[in-house]
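A structural walkthrough
So the chains spell out like this:
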Amino acid sequence: PHAFTPQSLAVLSNAFAKADARHHGLFRHLCSVVVSMPGDELSEQHIAVIANALARNGLKWPRHKLAAPGAYQQLHAAFRHLSTAVLEHRKRDFSAQGVALVVNAYAKLDIQDRPLFIHMAKVAVTVGPRNFELKCNALHLATILNAFARAQIVDLKLFAHLSYVTLRLSHEEFEGQSVALLLNAFANARIRDHNLVARLCGVAMGLPHASFDSFAIASLFHSLAVLALPSSSLTDHLSASLLKARQSSFLARDFNAHALANLAWSLAVLQVEDRVVHRWVCEAALPLLSTMSPACLAQMHQFVLFHVIERPFTPPLPELGRLKRHASAIRKGFEAEEERRREEDRWRRRIGGGDASTGM
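Please read these numbers as outputs of a predicted model, since none were measured by experiment.

1. Looking at the overall build of the protein
- Summing up its helical and strand segments, the protein has 18 helices and zero strands in all.
- Here the protein, with 360 residues, has 49% of them falling under the buried criterion.
- Relative to all contacts within the protein whose residues are 6 or more apart in sequence, the contacts with residues 24 or more apart total 78%.
- Taking the 40 positively charged and 30 negatively charged side chains of the protein as two groups, their mean positions are separated by 4 Å.

Shown next as structure tokens:
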């Protein structure tokens, strides 16, 4: 371990992460090297790069925490050491990208470190367009906000400030992905920022259809549905984006079970009456039903109920009949998800918790 410097450790871990090299032995060793590094020798840039690299390579580790508990514990030990380095030495000289990399790494691995997030929020509120503020772009803002939302730490001051900064970005600074991520963050935090939503909808409608991949389309639909803020002009634009590419086999493969279930549920909640889009969703869902989680099946259940109860199309969709043949499996998934939520509510009441996503 003593052969490494903070710089060489950051460069090496980042190189293997970018190459998607799943070498657990190497990364276990790198985690032990991180723990051995004195916190005062790790700069803000080193911490950001190392945390991002370990998160990119460590994303699949939680699935194997029972099979390889040693690797999983070393990963957490490395992140605890990085957090200690930030907090004990009051490191604040992060760039906007550095803040985004750090909080996104902890959120990706579901590592609950509230003191670190509180500290990083104080750094994040210094980003902005003025000369004395940290320079940022739309993707930095979206990544920071999504990380805080995923960690269930909703700092209202931070969200308000980054919303203010977002409103001052020029139209050319946005892409389909950044618009989707920004709106998704506020939806996950359950914050209705009407000015921001209106601006993002306007930006999205000005982007070409090719700007939206499957993630962006499903995410934007889902965010509008969660916030209960329908925008017929945006949903029409997104539907057109989907339909323009629906013949592409790449797009069909790109919609995984989670994205498609989100899209189906959102179409029902927003009551989008586009017959061709609904037919495409029914057709695309059939081969994915067996891979859907109970939560996804619960969303498909809502989609089917929308068609059965509301009857939005006359005559009914021919593809819906084939989807209904799987009604029993879809309903069981819905019931399993409802039971999971009830059990979660009972657990929260037992520990006197309530909603963990409180402001600071």
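2. A look at a nonpolar patch on the surface
- A cluster of nonpolar side chains, namely L305, V308 and I309, defines an oily patch on the protein surface of about 250 Å² accessible area.
- Relative to the helices and strands, V308 is located in helix α16 (residues 294–310).
- Using a relative accessible area of 37% as the deciding quantity, one classes V308 as partly exposed.

3. Brief notes about the state of the cysteines
- Using the criterion set out here, one finds zero disulfides in the structure.
- Free cysteine: C282, not disulfide-bonded; nearest cysteine sulfur from C296 at 16 Å.

4. A look at the confidence of the model for the protein
- Residue-level pLDDT values for the protein average 87, and 90% of them are 70 or greater.
- Segment residues 353–360: pLDDT under 50, and 17 contacts once partners within four positions in sequence are set aside and those in other chains are kept.

5. Let's talk about the nonpolar core
- Residues F79, M300 and L323 are the most contacted members of the largest nonpolar core, which totals 119 residues.
- What F79 contacts, discounting residues up to four positions off in sequence, is A51, L54, A55, A105, Y106, L109 and I111.

6. Focus: the packing of helix α11 (residues 214–227) against helix α14 (residues 257–270)
- Running from N to C, α11 and α14 cross one another at 40°; their axes reach a closest spacing of 8 Å. As the angle between them shows, α11 and α14 are arranged oblique. The crossing of α11 and α14 is left-handed. Where α11 abuts α14, its residues A218, F221, H222, L224, A225 and V226 lie against A259, N262, L263, W265, S266, L267, V269 and L270.
- Taken together, the residues of the contact of α11 with α14 break down into eleven nonpolar, three polar and no charged.

7. Quick word on the packing of aromatic side chains
- Considering all chains together, one arrives at four aromatic pairs under this definition.
- Relative to F148, the ring of F117 lies with its centre 5.1 Å away and its plane at 90°, an arrangement referred to as edge-to-face. With F117 in helix α6 (residues 114–124) and F148 in helix α7 (residues 138–150), the pair connects residues that are 31 residues apart, well separated along the chain. Taken individually, F117 and F148 each receive the classification buried, so the pair is uniform in this respect.

8. Here's the deal with the pattern of salt bridges
- Overall, the coordinates contain seven salt bridges when judged by the stated rule.
- In this structure, E133 and R130 form a salt bridge, with 2.9 Å as the shortest nitrogen-oxygen distance.
- For R130, a relative accessible area of 45% puts it in the partly exposed group.
- The shortest N-O distance in the salt bridge between R346 and E339 comes to 2.9 Å.
- Relative accessible area serves as the criterion here: at 35%, E339 is assigned to the partly exposed category.
- Salt bridges sharing partners connect three or more residues here, namely E339, R342, E343 and R346.

9. Notes on helix α10 (residues 194–206)
- An ideal rise of 1.5 Å per residue puts 18 Å on 13 residues; α10 measures up with 18 Å between its terminal C-alpha atoms.
- Along α10, the residues that are buried comprise L196, V197, L200, C201, V203 and A204. The buried residues of α10 all sit within an arc of 165° when viewed along its axis, so they share a single face. Exposed and facing more than 90 degrees away from the buried side of α10 are N195 and A198.
- The inward-facing, buried residues of α10 abut α8 (156–167), α9 (176–188), α11 and α12 (232–244).

10. Here we look at the packing of α10 against α12
- The geometry of α10 relative to α12 is characterised by a closest axis approach of 10 Å and an angle of 30° between their N-to-C directions. The interaxial crossing formed by α10 with α12 has left-handed handedness. Here C201, A204 and M205 of α10 lie close against α12, whose contacting residues are S233, L234 and H237.
- Along the lines of polarity and charge, the residues of the contact of α10 with α12 split into four nonpolar, two polar and no charged.

Thresholds applied
- Residues numbered from 1 in each chain as written.
- Predicted model: local features only at pLDDT ≥ 70, side-chain atom pairs only at ≥ 80, totals over all residues.
- Heavy atoms only, no water.
- Helix = DSSP H or I, 4+ residues; strand = E, 2+ residues; numbered from the N terminus.
- Buried < 20%, exposed > 50% of the residue type's maximum accessible area, 1.4 Å probe, protein only.
- Contact = heavy atoms within 4.5 Å.
- Lys, Arg positive; Asp, Glu negative; His and termini not counted.
- Charge placed at Lys NZ, Arg CZ, Asp CG, Glu CD.
- Patch = residues over 30% accessible without salt bridge, like charges linked within 9 Å, V, L, I, M, F, W, Y side chains within 5 Å.
- Areas by Shrake-Rupley, 256 points an atom, 1.4 Å probe, with all protein chains shown as cover.
- Salt bridge = Lys/Arg side-chain N within 4 Å of Asp/Glu carboxyl O.
- Disulfide = S-S within 2.5 Å.
- pLDDT = per-residue confidence, 0-100.
- Core = buried A, V, L, I, M, F, W, Y, C linked by side-chain atoms within 4.5 Å.
- Axes fitted to C-alpha atoms, helices over the stretch in contact; angles between N-to-C directions.
- Parallel < 35°, antiparallel > 145°, perpendicular 65-115°, else oblique.
- Left-handed = near helix turned anticlockwise from the far one by under 90°.
- Nonpolar A, V, L, I, M, F, W, Y, C, P; charged D, E, K, R; others polar.
- Phe/Tyr/Trp six-rings, centres within 6.5 Å; stacked < 30°, edge-to-face > 60°.
- Expected span 1.5 Å × (residues − 1).
- Arc of directions from axis to C-beta.

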